[in-house]
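# Descriptive analysis of the structure
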Amino acid sequence: LMTEIHFKFINLIKDKKITKKAIALGLGITMPTLNARLENPTGFKLGEIHKLRTILNVKTLSIYEELF
């Protein structure tokens, strides 16, 4: 079952034309770890959020606005 945040994340990366696999590689984590982070977003580490901002080319706060 996909959480609302996971669903929003999928839509965001589709808009950016980036795959989940590319996100996981960019963050230096496995796909199962990425899925776990998306199911429980408080599990994201600060460094991962900064990398995610760079990968998605968005401001840090806009990630929160987009997803939360």
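So, a few notes on the structure that sits alongside this text.

The rules behind each value
- Residues numbered from 1 in each chain as written.
- Predicted model: local features only at pLDDT ≥ 70, side-chain atom pairs only at ≥ 80, totals over all residues.
- Heavy atoms only, no water.
- Helix = DSSP H or I, 4+ residues; strand = E, 2+ residues; numbered from the N terminus.
- Buried < 20%, exposed > 50% of the residue type's maximum accessible area, 1.4 Å probe, protein only.
- Lys, Arg positive; Asp, Glu negative; His and termini not counted.
- Salt bridge = Lys/Arg side-chain N within 4 Å of Asp/Glu carboxyl O.
- Contact = heavy atoms within 4.5 Å.

This part is about the side chain of Lys20. Among the structural elements, Lys20 can be located in helix 2 (residues 20-27). Buried charge without a partner: Lys20 forms no salt bridge, and the closest opposite charge is Glu39, 6.9 Å away. Each residue touching Lys20, except ones within four places of it in the same chain, is listed here: His6, Phe9, Ile10, Ile13, Met31, Leu34, Asn35 and Leu38.

Under the criterion given, the structure shown has two salt bridges. With a closest N to O distance of 2.8 Å, Glu48 and Arg37 form a salt bridge. Placement of the pair is Glu48 in helix 4 (residues 46-56) and Arg37 in helix 3 (residues 31-39), with a sequence separation of eleven residues. For Arg37, a relative accessible area of 15% corresponds to the buried category.

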